[in-house]
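Secondary and tertiary structure notes
Spelled out from the first residue to the last, the chains are:
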Protein chains: 2
Amino acid sequence: MKVSFIGSGNVATHLALALHNHGCTICDVWSRDYSHAQLLAGRVGARPTTNLDNLDRTADVFILAVSDDAIFDMALDLRLDSALVLHTSGATSMEVLKPISQRYGVLWSPQTFVRDVALEYAELPFCIEGCNKSTEHDIETLVKHISTHIYHTNHEQRQCLHLAAVFVNNFTNALYGVAQNICNQHDIPFEVLYTLIATTAQRVKWGDIRYQMTGPAVRDDRKTIDAHRRLLANDPDFLSLYDELTRIIQQRIRF
Amino acid sequence: MKVSFIGSGNVATHLALALHNHGCTICDVWSRDYSHAQLLAGRVGARPTTNLDNLDRTADVFILAVSDDAIFDMALDLRLDSALVLHTSGATSMEVLKPISQRYGVLWSPQTFVRDVALEYAELPFCIEGCNKSTEHDIETLVKHISTHIYHTNHEQRQCLHLAAVFVNNFTNALYGVAQNICNQHDIPFEVLYTLIATTAQRVKWGDIRYQMTGPAVRDDRKTIDAHRRLLANDPDFLSLYDELTRIIQQRIRF
């Protein structure tokens, strides 16, 4: 299978490496910045270019791994006949690709890709959507090179999953950041919390999260909650977050 | 070393098993409920009892692994001469143990213990505090049977760590619960998010969390934030939490 990439950022880099390592031929890597295109192309034996007109039209798949806004720009500039064209966005409808080709779809993984940090690709989940059944089948054939964790999700499901991903990634990170800030303020090494963070994350696999809630909020242990609120008295931002999360647990998460 | 346990719940069970497996003799296990005492005592070759007066006074260490409120009750009932007495609470001052013995302190692990779920004890962090240097040294000698991750924390630090633990455990679990709820509502298997949850948790070891923030809040990507807010329009609780966390990231967590 011959695959070309429009974009050379984190997602493009990981997908191109994963497909290259599993026997796909990467033809072209396009980027606005030639040195960026060159960097990724060099790693996967592809041809770098900054000109969409130079793309080898015989490639089977074109993957638009660019920012959400750039997908819309590309849809104005790129015209393909029958090649499969995919974007990699969790938040964007596949219909924006309709002007580019008759065969279009989405290949999105709910993961944060960091350029030089290896991932177990075989463990990565991929959410796919095609403009019709045969296209969706072709996308699945492509993704099977990388992973067997393939989910068929429509636009609404993908949007909701993108939102859920913000909760378990960005917002969870924000809580880790709050905890790190509290530790730093009191000269406590943050590493003390590493095993708790790890076991908490592992236990999501146990099933319904509501059954696993522990701590003062779910017990409505006012003494401990009040003690925590006193510790946060000088930090209205963190205090308000503490109250909001305690309220959510008491009203929505516990049984 | 001879150790007795007051309490037979999750923390007592894990500590008793860990110490027993590493060569300590567990003498007595006290519980208000004889069958509970018997259950744990049977697993560690100890004697079950419901009567504090029956405790073997020749034990070197007495560990009060009971609820915070029960620690105060015990301090009224239990009198030891020179044995080391410890509680296992993150939120309670060690001074409540002063009436019990001349040698007292704290042995607390920031972890949620579930009775029949094995833990890598050698990886567990323990926060210790003793009423004086020699007592603190004795506590360290005891804990070294189980783990080398030993931290000397005073009461204020332990309280703050307890608060930080609520953020990375209870509150993070609440966010997992929100994500699970969103997935369930839209017929999406929650397992799609397992690898994202795992990598997010692993990356706390990379250092300053603020440098690792990604997503719409830190980018101030209004288009995506507005799309997410529309998805939550029918759920004022989750919408208000979304706004609160977005605000915290924008005002406090990003650079």
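If you're wondering where the values come from, they're calculated on a predicted model, not measured in any experiment.

**Some details on the sheet that holds strand 6 (residues 103–108) of chain A**
All names here are of chain A. Reading across from one edge, 3-2-1-4-5-6-7-8 is the order of the eight strands in this open sheet, with mixed pairing throughout. In this open sheet, the two strands that pair with only one neighbour each are strand 3 (47–49) and strand 8 (150–152). Going across the sheet, the axis of each strand differs from the next one's by a mean of 25 degrees, ignoring polarity. Judged from the four bridges that link them, strand 1 (residues 2–6) and strand 4 (residues 61–64) form a sheet pairing that is parallel. Within strand 4, the position partnered with V3 by the bridge is V61. Packed onto the sheet, helix 1 (residues 10–21) meets strand 1, strand 2 (25–30), strand 4, strand 6 and strand 7 (126–130) and runs at close to 170 degrees relative to strand 1.

**Structural notes on unusual backbone geometry**
If you check the backbone angles, A:D220 has positive phi at about 50 degrees while not being a glycine. With respect to the helices, strands and loops of the structure, A:D220 is situated in the loop between helix 7 (216–219) and helix 8 (222–231).

**Looking at the side chain of B:E129**
Relative to the helices and strands, B:E129 resides in strand 7 (residues 126–130). In this structure the side chain of B:E129 is engaged in a polar contact, spanning 2.6 Å, whose partner is the side chain of B:R158.

**A short note on the packing of aromatic side chains**
Applying the stated criterion across every chain, the model contains eight aromatic pairs over all chains. Between A:F167 and A:F171 the ring centres are 5.0 Å apart and the planes differ by 90 degrees, which places this aromatic pair in the edge-to-face class. On the criterion of helical spacing, the pair formed by A:F167 and A:F171 is a turn pair, its members being four residues apart in helix 5 (residues 155–185). When sorted by exposure, A:F167 lands in the same class as A:F171, which is buried. Between A:Y242 and B:F171 the ring centres are 5.2 Å apart and the planes differ by 70 degrees, which places this aromatic pair in the edge-to-face class. Highlighted residues: A:Y242 in helix 9 (residues 236–253) and B:F171 in helix 5 (residues 155–185), drawn from two different chains.

**What to know about the confidence of the model for chain A**
Overall, the prediction assigns chain A a mean pLDDT of 94, with 99% of residues at 70 or greater. Among the scores for the predicted complex, ipTM is 0.95 and pTM is 0.94.

**What about the interface of chain A and chain B?**
At the junction of the two partners, chain A supplies 87 residues and chain B supplies 87 residues. Of the roughly 8,400 Å² buried between chain A and chain B, counting both surfaces, carbon and sulfur atoms make up 69%. Linking chain A with chain B are eight salt bridges, by the criterion used here. A:R252 is paired through a salt bridge with B:D237; the nearest N and O atoms lie 3.2 Å apart. Among the secondary structure elements, those contributing two or more residues to the side of chain A that touches chain B are helix 3 (68–77), helix 5, helix 6 (194–202), helix 8 and helix 9 of chain A. Take the side of chain A that touches chain B: its biggest share by element is 27 residues, from helix 5 of chain A.

**A few points about helix 1 of chain A**
Residue and element names in this part refer to chain A. Over its 12 residues, helix 1 runs 16 Å from end to end, which matches the ideal 16 Å to within 8%, given 1.5 Å per residue. Regarding helix 1, the residues found buried are A12, T13, H14, L15, A16, L17, A18 and L19. Once helix 1 finishes, G23 follows within two positions and takes phi at roughly 95 degrees, a positive value.

**Brief notes about the relation of the copies chain A and chain B**
Laying chain A over chain B is done by rotating through 180 degrees and shifting 0.0 Å along the axis; what remains is an RMSD of 0.0 Å. Here the copies are linked by what is in effect a two-fold axis. Closest to the rotation axis within chain A is the C-alpha of A:T172, separated from it by 2.8 Å. The residues that chain A uses at the interface reappear at the interface of chain B in 100% of cases, marking a shared surface.

Criteria and thresholds
- Residues numbered from 1 in each chain as written.
- Chains lettered and ligands numbered in written order.
- Predicted model: local features only at pLDDT ≥ 70, side-chain atom pairs only at ≥ 80, totals over all residues.
- Heavy atoms only, no water.
- Pairing = 2+ DSSP bridges.
- Helix = DSSP H or I, 4+ residues; strand = E, 2+ residues; numbered from the N terminus.
- Axes fitted to C-alpha atoms, helices over the stretch in contact; angles between N-to-C directions.
- Contact = heavy atoms within 4.5 Å.
- Polar contact = N/O pair within 3.5 Å; in protein donor to acceptor, adjacent residues only side chain to side chain.
- Phe/Tyr/Trp six-rings, centres within 6.5 Å; stacked < 30°, edge-to-face > 60°.
- Buried < 20%, exposed > 50% of the residue type's maximum accessible area, 1.4 Å probe, protein only.
- pLDDT = per-residue confidence, 0-100.
- Buried area = accessible area lost by both parts, 1.4 Å probe.
- Salt bridge = Lys/Arg side-chain N within 4 Å of Asp/Glu carboxyl O.
- Expected span 1.5 Å × (residues − 1).
- Least-squares fit on C-alpha atoms with pLDDT ≥ 70 in both.

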